[in-house]
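# Chains, contacts and geometry: an overview
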Number of protein chains: 2
Amino acid sequence: MRAGAELTVIANTGDDFEHLGLSISPDIDSLVYALAGLADRERGWGRANETWSFMSALGALGGETWFNLGDGDLAMHVLRSEHLAAGAPLSAVTAAMARQLGLGARVIPATDQRLRTLVETETGRLAFQHYFVRERTAPRIAGFTFEGAEAALPAPGALEALGDAERIVICPSNPYISIDPILAVAGYREAVQSAVCVSPLIGGRAVKGPTAKMMSELGLEPSSQAVARHYRGLIRALVIDEADAHEAPSVEAEGVRAVVAPTLMTGPKDAERLAHIVLEA
Amino acid sequence: MRAGAELTVIANTGDDFEHLGLSISPDIDSLVYALAGLADRERGWGRANETWSFMSALGALGGETWFNLGDGDLAMHVLRSEHLAAGAPLSAVTAAMARQLGLGARVIPATDQRLRTLVETETGRLAFQHYFVRERTAPRIAGFTFEGAEAALPAPGALEALGDAERIVICPSNPYISIDPILAVAGYREAVQSAVCVSPLIGGRAVKGPTAKMMSELGLEPSSQAVARHYRGLIRALVIDEADAHEAPSVEAEGVRAVVAPTLMTGPKDAERLAHIVLEA
């Protein structure tokens, strides 16, 4: 990134949910923690130096404990819930939190309206976090529904940020549950046409999360080509890992330029190197 | 207490409040923690082995930090808020929590309706916790209003428990802010006529809390006689400390039998000894 360049992140809100009476936005919080330097890198989610007294007491009281909420993390959920209940839009609540934590980047929720990823499985429809956390992605999936997407509008500033952006990057995320919910909101699909996407797969496997498993269950081969086909007409380039260099021709056959680079990020240095490659792509 | 005797505690709900979107019932929680063996005896409030990550994160997010909420303690508030919002009465929520924690005793909130102690001060009316915690009882008081008391009904089972009780004890509590809110609900005043009260004062001072300060501000001498007069016609005996034995005649002049006993409780043994004295009074 250019020195002084500004970063705006559009956050998926399809996996937001209400739990224990609290409004929880896992993707927003992960982004905020990462950008504020508060994330627990080893655990891969939540806050560093977290404590778990709440969960322990909740369990003793017979409360639902399938979704782990760290003690410090609870501050985000409690404050957000309070402000949303008072009528503040999610984008304003998120911006205020980011400002309080001194974030240099902007985090904008995909939408201020209610958007919920529902997972169609063999055993019926599941709310996203029930599928993802409670059931640990065990049920075979058949597809996804983005409830509320039709009535949802991009949050204030989101389309403007995409319109003004020198570069638009689709991070190595799960296309089906992390990116598609955003693209389901009217306006985003048109706004990201010049995006560069980093493939979430390396050697047919996802570094983290169930992307490859989902692709198999959806009848797709977990390959760079399948990712390119998914985003066909939406992105101008797909960054694929060196291990998948042989897939470059099949990616380009989808009308998407293939950029081969080391995409595995094990720390800030890898991430910075990949960011440079993406921005130059 | 007789072996096998049952204990029912009627809890003050006048200092309940809504904070950060949560429904907080400090007196109920203190009773539940004490009866479950979870209370922090040294601190004098909240749970033992508590952590404070929530407050720390809340402060970093710019949230209100004048009311301390421990991480484990939050489980009570979050669960209670969720169930109250779903329409459950406070008494049912409290009973379920007590059952989960294995309490041998019953804890019944004074009322399921909204009851709020408002403090009339020189500088205006303050919500109870604003006076008590945020302002640290600094403003001079002129009196109290128990908002909602007129429309409130005793919670299910409370009057029955008092009617069936072999002994009714008014614990050494602040008469104005801990006992009067309960007595302001129709039915309680008649139901406690045979109660024995333990004076909250020893040598004109409260062991804990602002009872003596309040009495002075209300123009009352902080004495056993003033406590007896406050409860005149409501209790049959007042247990006063040995240090106040000389006040026995003035207590009895109020038509209340004076029982002189060591009333300072520094641990479970003192408490048990005092309980025996009260039950035999």
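See the structure above.
Residues numbered from 1 in each chain as written. Chains lettered and ligands numbered in written order. Predicted model: local features only at pLDDT ≥ 70, side-chain atom pairs only at ≥ 80, totals over all residues. Heavy atoms only, no water.

### Remarks on the overall build of chain A
Quick note on the threshold: Helix and strand definitions here come from DSSP, where helices need a minimum of 4 consecutive H or I residues and strands a minimum of 2 consecutive E residues; each element is numbered from the N-terminal end. Restricting the calculation to C-alpha atoms gives the radius of gyration, and the globule rule supplies 2.2 Å times the number of residues raised to the power 0.38. Note on definitions: a residue-residue contact is assigned when non-hydrogen atoms from the two residues lie within 4.5 Å. In these tables, accessible area is a Shrake-Rupley quantity obtained with a 1.4 Å probe, and a residue counts as shielded only by the protein chains included in the view. For the purpose of counting charges, residues Lys and Arg are taken to be positive, whereas Asp and Glu are taken to be negative. His and the chain ends are not included. For charged residues, the charge sits on one atom: NZ in Lys, CZ in Arg, CG in Asp, CD in Glu.
On a plain count of helices and strands, chain A comes out with 12 helices and 13 strands. Radius of gyration (C-alpha) of chain A: 19 Å, near the 19 Å computed for a compact globule of 281 residues. Referenced to the eigenvectors of the C-alpha coordinate spread, the extents of chain A come out at roughly 55 × 45 × 40 Å. The contacts in chain A between residues at least 6 apart in sequence include a share of 62% that link residues at least 24 apart. Carbon and sulfur atoms make up 51% of the accessible area of chain A, which amounts to about 12,800 Å² in all. Distance between charge centroids for chain A: 2 Å, based on 24 positive and 35 negative side chains.

### So, the relation of the copies chain B and chain A
Rules: Superposing copies: least-squares fit, C-alpha atoms only, residues required to have pLDDT of at least 70 in both.
Between the two copies, chain B and chain A, the superposition gives an RMSD of 0.0 Å; the rotation angle is 180° and the shift along the axis is 0.0 Å. The symmetry that links the two subunits is that of a two-fold axis. Taking C-alpha positions as the reference, the residue of chain B nearest the rotation axis is aspartate 71 of chain B, at 2.8 Å. Same-surface contact between copies: 100% of interface residues of chain B are shared with the interface of chain A.

### Some thoughts on the packing of aromatic side chains
The line we're drawing: Each Phe, Tyr or Trp ring (for Trp, its six-membered ring) is paired with any other whose centre lies within 6.5 Å, and the angle between the two planes then decides the class: stacked below 30 degrees, edge-to-face above 60, tilted in between.
Summed over the entire model, instances satisfying the criterion amount to 11 aromatic pairs over all chains. Considering the side-chain rings of tryptophan 66 of chain A and phenylalanine 67 of chain A, the 6.0 Å spacing of their centres and the 85° angle between planes classify their relative orientation as edge-to-face. Relative to tryptophan 66 of chain B, the ring of phenylalanine 17 of chain B lies with its centre 6.2 Å away and its plane at 40°, an arrangement referred to as tilted. Pair noted here: phenylalanine 17 of chain B is in strand 2 (residues 17-19) and tryptophan 66 of chain B is in the loop between helix 2 (53-60) and helix 3 (73-85), with a separation of 49 residues, a long-range link.

### Re the packing of helix 1 (residues 26-36) of chain A against helix 3 (residues 73-85) of chain A
All names here are of chain A. In plain terms, the rule: For helices, the axis comes from a line fit to the C-alpha atoms of the stretch in contact; other axes are also lines fit to C-alpha atoms, and the angle between any two N-to-C directions lies between 0 and 180 degrees. Roughly parallel covers angles under 35 degrees, roughly antiparallel covers those over 145, roughly perpendicular covers 65 to 115, and oblique covers all other angles. The hand of a helix crossing depends on one turn: near helix anticlockwise from the far one by less than a right angle means left-handed, and clockwise means right-handed. Note on residue classes: Ala, Val, Leu, Ile, Met, Phe, Trp, Tyr, Cys and Pro are nonpolar, Asp, Glu, Lys and Arg are charged, and everything else, Gly too, is polar.
Running from amino to carboxyl end, helix 1 crosses helix 3 at an angle of 125°, the nearest separation of the two axes being 11 Å. The angle between the axes of helix 1 and helix 3 places the two elements in the oblique class. The way helix 1 lies across helix 3 gives a crossing that is right-handed. Residues Ile28, Asp29, Val32 and Tyr33 of helix 1 pack against Asp73, Met76, His77 and Arg80 of helix 3. Here the contact of helix 1 with helix 3 is built from residues that sort into four nonpolar, one polar and three charged.

### A few points about the sheet that holds strand 6 (residues 124-127) of chain A
All names here are of chain A. Heads up, the rule is: When DSSP finds two or more bridges between a pair of strands, those strands are recorded as paired.
Strand order in the open sheet formed by three strands is 6-5-7, and the pairing between neighbours is antiparallel. In the strand order of this sheet, the two ends are held by strand 6 and strand 7 (141-147), each with one partner. Shown here is a sheet whose adjacent strand axes are inclined to one another by a mean of 25°, direction ignored. With six bridges connecting them, strand 5 (residues 116-121) and strand 7 associate as antiparallel partners. When the bridges of strand 7 are listed, threonine 121 appears paired with isoleucine 141. Lying on the sheet, helix 7 (residues 175-183) is in contact with strand 5 and strand 7; it crosses strand 7 at an angle near 25°.

### A word on the sheet that holds strand 12 (residues 235-241) of chain A
Residue and element names in this part refer to chain A. Strand order in the open sheet made by the four strands is 8-9-12-13, with parallel pairing throughout. At either margin of the open sheet sits one strand with a lone partner, and together these are strand 8 (169-170) and strand 13 (257-261). Sheet topology places strand 9 (residues 195-198) next to strand 12; four bridges connect them, and they run parallel. Looking across to strand 12, one finds that cysteine 197 is bridged to leucine 238. Strands in contact with helix 12 (residues 268-280) are strand 8, strand 9, strand 12 and strand 13; relative to strand 9, the strand with the most contacts, it is inclined by about 145°.

### Comments concerning the environment of valine 192 of chain A
All names here are of chain A. Condition: Partly exposed describes any residue whose relative accessible area lies between the buried limit of under 20% and the exposed limit of over 50%, with all areas from a 1.4 Å probe on protein chains only and scaled to the type maximum.
Locating valine 192 in the fold gives a position in the loop between helix 8 (188-191) and strand 9. Accessibility expressed as a relative area gives 8% for valine 192, which makes it buried. Excluding residues that lie within four positions of it along the chain, valine 192 makes contacts with Leu162, Ile168, Leu183 and Leu234.

### Describing unusual backbone geometry
All names here are of chain A. Its identity as a non-glycine residue notwithstanding, asparagine 49 has a phi of 55°, on the positive side. Relative to the helices and strands, asparagine 49 is located in the loop between helix 1 and helix 2 (53-60). Taking relative accessible area as the criterion, asparagine 49 reaches 75% and is therefore assigned exposed.

### Some details on the environment of valine 251 of chain B
Along the chain, the position of valine 251 of chain B falls in helix 11 (residues 248-252). Sequence-wise, valine 251 of chain B and serine 223 of chain B are 28 residues apart; in three dimensions their C-alpha atoms are separated by 9.3 Å.

### Structural notes on the interface of chain B and chain A
Selection rule: Accessible area that two parts lose when put together, with a 1.4 Å probe and added across both, is what the buried area reports. Criterion for a salt bridge: a side-chain nitrogen of Lys or Arg within 4 Å of a carboxyl oxygen of Asp or Glu. The term polar contact refers here to a pair of N or O atoms within 3.5 Å; inside protein, the definition further demands a hydrogen-donor-capable atom paired with an acceptor-capable atom, and it admits residues adjacent in sequence only when both atoms are side-chain atoms.
Across the contact, 25 residues belong to chain B and 25 residues belong to chain A. Here chain B meets chain A over a buried area of about 2,100 Å², counting both sides, of which 74% is carbon and sulfur. Broken down residue by residue, the surface that chain B buries against chain A is led by Leu61, Val78 and Leu79 of chain B, which jointly contribute 27%. Taken together, the links from chain B to chain A amount to zero salt bridges. Counting across the interface, chain B meets chain A through four residue pairs in polar contact (both at pLDDT 80 or more). Residue composition of the side of chain B that touches chain A, by class: 14 nonpolar, seven polar and four charged.

Worth remembering: the numbers are spatial, not functional.
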